[in-house]
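Listed here are the chains, written in short residue letters.
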Amino acid sequence: MFKKILILTLVFVLVLGVFVNAEKPIPTSLEKPINLTVRDDDGILRPRWTNPSSIIQISNDVNDSNFEYYADLFYLFDWKLNDGSWNICPTPNSPSYNMYMPNIQIDEKGNSENFFVVWHFDPTKGPSDDLDLKNNTYYFRMRYALESDSNEFATVYSPYSDVFAIGKN
């Protein structure tokens, strides 16, 4: 009788362990950023957005060293000046890329904020130069990218956010 109870207990523990350690599936789609706004803070443009709860969960998951898949979650900003073409954010594997989602602060409502200064738009400009918001309009759009650390899956991109702007008009 003792052996039967012991075997039954071991089987139960093993089955429970499988369910507890079941892998979370790799996301195949991402939600887009919402509620984007931008404000001028004395020559510094400060975009602010709300991260959907699913994005916050993925950010927490990829930051967990015990998680089942290895990936990085990024936020990507594209911008354009007036009626020009879009300046596409570099891909996450670009050497100058540093918009890693787990490193950004997220408040209790899921909001995050970043900043842009004049030299982000024109590398020939410096701290003494200003953005000309009276004569120019800067447009922004944003999306997320989930990239595998080990080529386990193809990069997953969210849809773009709504376009938001600051400047003339």
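Our subject is the structure that appears above.
Scoring rules and cut-offs
- The residue count restarts for each chain, going from 1 along the sequence in the order it is written.
- Selection of residues for local features in this predicted model requires a pLDDT of at least 70, selection of side-chain atom pairs for listing and counting requires 80 or more, and totals for whole chains, interfaces and linings are taken over all residues.
- Only hydrogens and water are set aside when side-chain values are computed; all heavy atoms of the structure are taken into account.
- Any residue under 20% of the maximum accessible area for its type is buried, any over 50% is exposed, and the rest in between are partly exposed; the area is computed with a 1.4 Å probe on protein chains only.
- Only runs of H or I of at least four residues qualify as helices and only runs of E of at least two qualify as strands under DSSP, and these elements are numbered from the N terminus.
- Strands pair, by our definition, only if DSSP identifies at least two bridges between them.
- We define a salt bridge as a side-chain nitrogen of Lys or Arg found within 4 Å of a carboxyl oxygen belonging to Asp or Glu.

S.K.: Looking at this structure, how should I read the pairing of strand 3 (residues 71-81)?
M.R.: A regular strand places its side chains so that they alternate between the two faces of the sheet. Of all the eleven residues making up strand 3, ten are buried; the element is thus mostly covered by neighbouring parts of the structure. One ladder, built from eleven bridges, connects strand 3 with strand 5 (residues 137-148); its direction is antiparallel. Of the residues in strand 5, the one forming a bridge with Phe-77 is Met-142.

S.K.: Looking at this structure, how should I read unusual backbone geometry?
M.R.: Comment: phi is negative for the bulk of residues other than glycine, and the bulk of peptide bonds are trans. Even without being a glycine, Asn-35 presents a positive backbone phi close to 55 degrees. Looking at where Asn-35 falls in the secondary structure, it is placed in strand 1 (residues 34-40).

S.K.: How do you make sense of the pairing of strand 7 (residues 164-167) when you look at a structure like this?
M.R.: Burial along strand 7 is one-sided: the face carrying Phe-164 and Ile-166 is buried and the face carrying Ala-165 and Gly-167 is not. One ladder, built from four bridges, connects strand 5 with strand 7; its direction is antiparallel. Opposite Tyr-138, over in strand 7, you have Ile-166 as the bridge partner.

S.K.: When you look at the pattern of salt bridges in this model, what are you seeing that I'm missing?
M.R.: Think of it this way: side chains of opposite charge can pair up when their charged atoms draw near. Under the definition given, this model contains seven salt bridges. Note that Arg-39 is salt-bridged to Glu-113, the shortest N-O span being 3.4 Å. Of this pair, Arg-39 sits in strand 1 while Glu-113 sits in strand 4 (residues 111-113), and the two are 74 residues apart along the sequence. For Arg-39, a relative accessible area of 40% puts it in the partly exposed group. Judged by relative accessible area, Glu-113 falls into the partly exposed class, the value being 29%. Residues joined by salt bridges that share partners form a network here, namely Arg-39, Asp-41, Arg-46, Arg-48, Asp-107 and Glu-113.

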